[in-house]
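# A structural walkthrough
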Amino acid sequence: MEIIILKSAEVVAATGAELVAELLRVRPNAVLGLATGSTQLSLYRKLVEKNHAGEISFSDTSSFNLDEYLGVAIGNPQSYRAYMDREFFDRVDINKDNTFLPSCEDGQNPVLVGPRYENKIRESGGIDLQIMGLGYNGHIGFNEPSSSLNSRTRVKTLTQQTVKDNSRLFSESEFQPKLAITMGIATIMDAKKILLLATGDDKAKAVSEMVEGPVSAMCPASVLQMHERVTVLLDETAAARLRNREYYEWTYLQNESLKQRFGIVHEG
Ligand code: F6R
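Let me begin by describing the structure that accompanies this report. None of the values given here were measured: they were computed from a predicted structure.

### With respect to the nonpolar core
One finds Leu34, Leu47, Phe58, Met84, Phe88, Leu195 and Leu233 to be the most contacted residues of the largest nonpolar core, which totals 38 residues. For this core, the secondary structure elements donating two or more residues are β1 (2-6), α1 (9-26), β2 (31-34), α2 (38-52), α3 (80-87), β6 (129-132) and β9 (193-198). Tallying contributions element by element places α1 first for this core, with seven residues. Among residues more than four places away in sequence, those in contact with Leu34 are Tyr44, Ser63, Phe64, Asn65, Leu66, Met84, Phe88, Phe89, Gln130 and Ile131. With 36 residues, the next largest nonpolar core counts Met189, Ala198, Ala206 and Ala238 among its residues.

### Topic: the pattern of salt bridges
It is possible for side chains bearing opposite charge to pair when their charged atoms get close. Per the stated rule, a full pass over the model turns up 17 salt bridges. In this structure, the salt-bridge partner of Glu209 is Lys205, at a minimum N-O distance of 3.2 Å. With Glu209 and Lys205 both in helix α7 (residues 204-212), this residue pair falls four residues apart, about one helical turn. When salt bridges that share partners are traced, they join Glu18, Arg25, Lys50 and Glu55 into one network.

### Some points on the pairing of β2
Burial along β2 is two-sided: the face carrying Val31 and Gly33 and the face carrying Leu32 and Leu34 are both buried. As a crossover connection, the stretch from β2 through α2 into strand β3 (residues 62-65) is right-handed. Both β2 and β6 contribute to a ladder of two bridges, which runs parallel. Following the sheet pairing, Gly33 is matched in β6 by Gln130.

### Some words on the side chain of His227
Locating His227 in the fold gives a position in the loop between α7 and β10 (230-235). For His227, the side chain forms a polar contact with the main-chain oxygen of Ala191, separated by 2.6 Å. What His227 contacts, discounting residues up to four positions off in sequence, is Met189, Ala191, Lys192, Lys193 and Ile194.

### Describing the sheet that holds β6
Pairing is parallel across the open sheet formed by seven strands, whose spatial order is β1-β10-β9-β6-β2-β3-β5. A strand with exactly one partner marks an edge of an open sheet, and here the two such strands are β1 and β5 (99-100). Sheet analysis places β1 next to β10, joined by five bridges and oriented parallel. Across the sheet, residue Glu2 finds its bridge partner in β10, namely Thr231. Sheet strands touched by α2: β2, β6 and β9. Its angle to β9, the strand with the most contacts, is close to 110°.

### Observations regarding the sheet that holds strand β4 (residues 67-69)
The strand order β4-β8-β7 describes an open sheet built from three strands, whose pairing is antiparallel. Every interior strand has two partners, whereas the edge strands, β4 and β7 (154-157), have only one. Shown here is a sheet whose adjacent strand axes are inclined to one another by a mean of 30°, direction ignored. As paired elements, β4 and strand β8 (residues 179-182) share three bridges and run antiparallel to each other. Directly across from Tyr69, in β8, lies its bridge partner Ala180.

### What to know about the packing of α1 against α2
For the pair α1 and α2, the least separation of the axes is 8 Å and the interaxial angle reads 50°. By the angle between their axes, α1 is oblique relative to α2. The chirality of how α1 crosses α2 is right-handed. Residues Glu10, Ala13, Ala14, Gly16, Ala17, Glu18, Val20 and Ala21 of α1 touch α2, and the partners they reach there are Ser42, Leu43, Lys46, Leu47 and Lys50.

### Remarks on the site of the ligand
If you check the shell around the ligand, you find 14 residues, and the closest are Thr39, Asp67, His139, Gly141 and Lys203. In the model, an oxygen atom of the ligand is placed 2.7 Å from a nitrogen or oxygen of the Asp67 side chain. A distance of 2.7 Å is found between an oxygen atom of the ligand and a backbone nitrogen or oxygen belonging to Gly141. About the coverage of the ligand: the protein hides 92% of its 410 Å² of free accessible area. Each residue belonging to the shell around the ligand can be placed in one class, and the counts come to three nonpolar, eight polar and three charged.

Definitions and cut-offs
Residues numbered from 1 in each chain as written. Predicted model: local features only at pLDDT ≥ 70, side-chain atom pairs only at ≥ 80, totals over all residues. Heavy atoms only, no water. Core = buried A, V, L, I, M, F, W, Y, C linked by side-chain atoms within 4.5 Å. Buried < 20%, exposed > 50% of the residue type's maximum accessible area, 1.4 Å probe, protein only. Helix = DSSP H or I, 4+ residues; strand = E, 2+ residues; numbered from the N terminus. Contact = heavy atoms within 4.5 Å. Salt bridge = Lys/Arg side-chain N within 4 Å of Asp/Glu carboxyl O. Right-handed = clockwise from strand over helix to strand, strands pointing away. Pairing = 2+ DSSP bridges. Polar contact = N/O pair within 3.5 Å; in protein donor to acceptor, adjacent residues only side chain to side chain. Axes fitted to C-alpha atoms, helices over the stretch in contact; angles between N-to-C directions. Parallel < 35°, antiparallel > 145°, perpendicular 65-115°, else oblique. Left-handed = near helix turned anticlockwise from the far one by under 90°. Near = heavy atom within 4 Å. Areas by Shrake-Rupley, 256 points an atom, 1.4 Å probe, with all protein chains shown as cover. Nonpolar A, V, L, I, M, F, W, Y, C, P; charged D, E, K, R; others polar.

Put into C-alpha cells, the structure is as follows:
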C-alpha cells in the first residue's frame, strides 16, 4: 500500500482529484469506480472545479458506484443515485447513460441485481480506478465486518452501528434503510487501481487496522493489503494511530523524487 499523509482534509481532496486527473490524461475513457459519503464530497467539488476549468473531461468515462440503498426509490433525494447526480454527475460533462449504480428498480428481485451488475462491470472492461472511503468499522462499500473476502455484488444487511452512523443524514420521519446492494470485496479487488480517502480522528482506528492490522473479514478494508496498487490518502488526524508513520513519510519522499526523475511510479 502506498500511504500518503497530508496536512488537511482539503489537501487530501485536492491530491485525490489530481490522481484522478493524471489517469484521465492518459486514459480519457477510463472506467471509474465511485463512492458516496461525506469524505467524497470535497473530492467531487475538486473534480467539478477541474472539469469547469477545462483541465479534465469526463465525457468519455463511465462509472460504477460501490453501493446503493435497498428500499429507497431512485428519485428519493436520500438515494445514492440522487447524491451522485447532485454532487457530481449533473455538474460535469459525463454522459449519465454511462453511470451505473447497483440500484433495484421497484418490483425487481434484488437478488438478481448483483450478478447483472457484475456482468456490466465485466463488459465495460473492468474498473480502472476505484475511489472509496472507509467506514468507522472498517467497511468498504457496504461490506460490513464478517463479509466474505471473496464476496461479489449482493444484498447486504447494514450493521446497527452503520445505520446509527448514517442516521445523521435522515430526519426522524424519514425511512432509513437497513439493507443495501454493494459491490463485493472480490469485485473491489478486481479494480486495476484503488484510491482510498480517509479523514478525521474518528477514522484513525479503522485506518490503523486496515493498514497495519491482520487481514481479516472483521476489518474488510484490511484485504486491500493484498491488492498490488492501492493508494491511501490520509489527513493528519486519520493517520494518528499508525505505528509505521515515519516509514510512510520517508517512502513518500523517495517516490516524489522518483516521479520527478522518471514520471509516475507505483509503490505497492
Ligand atoms: C459509500 C460507501 C461507504 C463510505 C464509508 C465512509 O458509497 O461505500 O463505504 O465510503 O461509509 O463514509 P463517510 O465518508 O461518510 O465517512
